[in-house]
Structure formats: structure tokens, C-alpha cells
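Structural overview
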Amino acid sequence: MIRPLWVEVDLEALSRNLEILEKRIEGKARIVATIKQFAYGHGLLPVSKQLALNGIDWFGVGSVEEAIALREDDYKGSILVLSSVLKKFVSYFIHYNIIPTVVDAEFARALDREAAKSKRVAPVHVKVDTGMGRLGAYYKDAESFIGELSGLKNISLEGIYTHFPVADTDSDFTNHQIEAFNGLLKSLSARQIGFKYRHCANSIGILNYPDSHFNMVRPGLILYGVYPTPLEEIGVEPVLSLKSRVIFVKKIEKGMSVGYGRTFIAEKDRFVATVAVGYADGYPWSLSNKAKVIIRDKIYRVIGRVCMDHIMVDLGDDGNISQGEEVVLIGKSERNSITAEQLADWAGTIPYEIVSCLSLKIPRLYSDSLL
Ligand SMILES: *Cc1c(COP(=O)(O)O)cnc(C)c1O
């Protein structure tokens, strides 16, 4: 690594976070560890391997490509694709033994035919829309849709699930979703249609809605030690750190400006460090003049606009910081920390976007290789 920008991933922290969640669920539900989008930027295979070592045998991925990557890595457990896939690709589900989310009958029929060809019965999870307005049949129409699916001989209705859009902000709506889901399960059960796995809960559902656990849960962000929204602290720790180094230091005089747009003008003489990270790395441009960083266990502010591959940091009178000094962009030092949640707040976005948009070009160092 010549350009000094890297992500450190603490796999032990990931394991500890998983343990905390497991306690929370009290052994009542299976965990589908959600590792879509390169495990939220943490690295698909190292994260899946670590979690598998800890006993996870269900993964939720975002694409068939991610599922195949797990299979090619010799992962043998269950994989659920948490999205809808175009029906011309059904054969992948059979060939790689991947579980699709079924949201339309055309796809289900194509999968049924493909499974029949290889004399298999393909498990599927049906997604129902109880208020997300995204994938799946609206719950009021779901009964007839699922009735239709139940007639297909070469698929098995293994799971049914739904998703929460406002678990962080609207408990009435979320509770209504849980009720709607329960109601649907009941009417299906009256028609002798049952599902081995029933699931609703994402991270916030797990923390705030015990009634939503059913017998399977789908934690994502919280596994990585990041809170989706300000919530009761449960002791999880951030798994990921983003670090760089000072690549240049200079003194600027009162009245000089820093960066594109001259949005920062020095009101007195000061030292300025240039650091190797920019918006093309996933450090958002909207952090311009807002973010903070840690150097030598002290907090400094980012001044001027975030450039494509640089930021500038106000060192104030501190002329002791020199080229090569480590800069913590996300992570902690002895007494200070900068979290993905804080960066999201400064950038006017959500922590999900901060971690999942860290460029894939940034080298990831895993705890073993950190030692
Ligand atoms: C991403 C995702 C999750 C995990 O959500 P978090 O908020 O990260 O816990 C769960 N279910 C589905 C369907 C998802 O797409």
C-alpha cells in the first residue's frame, strides 16, 4: 500500500457483537446474518467466514453474485437472496443451491420448471409487503398469491417474510405491520399453508420489537457495531475503522484559502495537513467543512471542500504534526472516537451509506493480519 488509506476490520469485535445479539434473541430465533453489499463494506468473505466460525449457517445476501461468491468459497449453509431476481436467471438458484425471495408468480413458475428438470424441490421465501411499498405482494392480496404458489410441486414454501420501513420512528405503524403479518399467517394456516421460517426483524426490529422476532431475524448494521439510528446502547462495538496518513503539512497565513470554492479562509495563521482520502473513496463531499478526524489522539476539523482524493485538516498552531502521521477517519484512539454514525450525521446521510459506500479499492486489513 503506497497511498496510505486503508480499512481495518476487527473480526473479534464482529464475533462479540454476534454474541450480544444472540443473547438478545434468547435462542428463540435463527439468525440470518445480512451481508449484502460486500458485508456493508466490511468484506464479504472474511465476514462470512468469521460468522460461520461462530455458528452462523444462514446468510442474507443482496445478489446471486454474492451468493455464488460464498459457494465458491466453499460455504455449505443456507443463503437467502434478499432481493428479486429476473426470471431468466432461475437456474442459478438450483445449480448453486441458493434460496430466492419470491415476489411474483412468473418467477415461481420458472423456478418450479427448472427444479423439476433436475428432479429437485427448491425452497423459497415469499416476501410480503406490509407497508414497505417495495418488494412483494401487498398483504391483503398475498393470500391468493401464496395459494397459487402452493400449487407448484417443485418449490417448497420454506419461509415468509416482510420488512419494516419505520421501525425507528413509528411504532404504531410497525406494530400494525406485525399484526398484518400475523393475520396473514393465520389465514394461510387455516388453508393448511405453513412456513418453517417466519421473519420480519432487521436490526431495529430485533432491538425494539421482540414481537417481531418470530423464529428468524435478519440483523445487518448492528452486527457491524453501528446503530441504525440513536437507540438504547446494547454494547456492540464498531467493527470497521478507516485510516489514512498526513501526506503534507504547511503553514498558511491569515487570509489564505483552502480547497475548491475557497470555502475556508484562514482568520489567522495556522498549520494545515493534507490527508489521503477523498470523495472517490467514499468519504462524502458533504463532509466538506464539517467532519472531524483524530491525529495523535486529538480531534481536528476538516476544512475546505472534500476533494476527489484529498482532504485538508486544520492543525491550528500545532506545528508538531508531520508527514506520515496516522489519521483516524472512522475509529478510535485512546481517548477519542469518530463513528460512522457521527460521520453520517455531519454528512446529512445515514450510517448505512457511510460504511457500504467505502470504495472497494480501499485495502481491507483483517484483525489477523493486523497483529
Ligand atoms: C438489509 C436488510 C436487512 C438488514 O437491515 P439492518 O437495518 O441493516 O439490520 C434485513 N432485511 C432485509 C430484507 C434487508 O434488505
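Structure first, text after, so check above.
This write-up is about the structure you can find in this document. (Residues numbered from 1 in each chain as written. Predicted model: local features only at pLDDT ≥ 70, side-chain atom pairs only at ≥ 80, totals over all residues. Heavy atoms only, no water.)

**Concerning the environment of Glu 22**
Applicable threshold: Counting from the N terminus, the helices are the DSSP runs of H or I reaching at least four residues and the strands are the DSSP runs of E reaching at least two.
Mapped onto the fold, Glu 22 is located in helix 1 (residues 11-25). A sequence separation of 52 residues divides Glu 22 from Asp 74, and the C-alpha atoms of the two residues are 25 Å apart.

**Let's talk about unusual backbone geometry**
Residues other than glycine predominantly adopt negative phi, and peptide bonds predominantly adopt the trans conformation. Stated precisely, the cut-off is as follows: Only protein chains enter the area calculation, which uses a 1.4 Å probe; residues under 20% of their type maximum are buried, those over 50% are exposed, and those in between are partly exposed.
For Lys 119, which is not a glycine, the phi torsion comes out positive at approximately 50°. In this fold, Lys 119 is placed in the loop between helix 6 (105-117) and strand 7 (122-129). The exposure class assigned to Lys 119 is exposed, which follows from its relative accessible area of 76%.

**Side note on the site of the ligand**
In plain terms, the rule: We call a residue near a molecule or strand whenever a single non-hydrogen atom of that residue lies within 4 Å of it. By the criterion applied in these results, polar contacts are pairs of N or O atoms within 3.5 Å in which, for protein atoms, one can donate a hydrogen and the other can accept it, and in which residues neighboring in sequence qualify only through two side-chain atoms. Here, Shrake-Rupley sampling with a 1.4 Å probe gives the accessible areas, and only protein chains in the shown set may cover a residue.
Residues in close proximity to the ligand total 13 residues, the closest being Lys 36, Tyr 40, Ser 203, Arg 218 and Tyr 352. Within the contact set of the ligand, an oxygen atom lies 2.5 Å away from a side-chain nitrogen or oxygen of Ser 203. A distance of 2.7 Å is found between a nitrogen atom of the ligand and a side-chain nitrogen or oxygen belonging to Arg 218. Considered on its own, the ligand offers 390 Å² of accessible surface; in the complex 95% of this is hidden by protein.

**Details of the pattern of salt bridges**
Note the following rule: By salt bridge we mean one thing: a side-chain nitrogen of Lys or Arg within 4 Å of a carboxyl oxygen of Asp or Glu.
Across all of its chains, the model carries 21 salt bridges by this definition. Note that Arg 270 is salt-bridged to Glu 267, the shortest N-O span being 3.6 Å. Take Arg 270: its relative accessible area is 5%, and that puts it in the buried class. Between Arg 335 and Asp 297 there is a salt bridge, with the nearest N and O atoms lying 2.8 Å from each other. With Arg 335 in the loop between strand 19 (326-332) and strand 20 (337-338) and Asp 297 in the loop between strand 16 (292-295) and strand 17 (298-303), this pair connects stretches of sequence that are 38 residues apart.

**Concerning the environment of Gly 62**
Note the following rule: We call two residues contacting when some pair of their heavy atoms lies within 4.5 Å.
By the secondary structure assignment, Gly 62 is in the loop between strand 4 (58-61) and helix 4 (64-72). The spatial distance from the C-alpha of Gly 62 to the C-alpha of Val 103 is 15 Å, given a sequence separation of 41 residues. Among residues more than four places away in sequence, those in contact with Gly 62 are Lys 36, Val 81 and Ser 83.

**Regarding the packing of aromatic side chains**
Here is the rule we go by: Ring geometry is summarised as follows: Phe, Tyr and Trp rings, the Trp one being its six-membered ring, pair when their centres sit within 6.5 Å, and such pairs are stacked at plane angles under 30 degrees, edge-to-face over 60 and tilted between the two.
Counted under the stated rule, the structure contains 10 aromatic pairs. Arranged with centres 5.8 Å apart and planes meeting at 85°, the rings of Phe 93 and Phe 107 form a pair that is edge-to-face. Residue Phe 93 is found in helix 5 (residues 90-95), and its partner Phe 107 is found in helix 6; the two are separated by 14 residues along the sequence. Residues Phe 93 and Phe 107 agree in their burial class; the two are buried. One aromatic cluster is present, built from ring pairs that chain together Tyr 40, Tyr 224 and Tyr 352.

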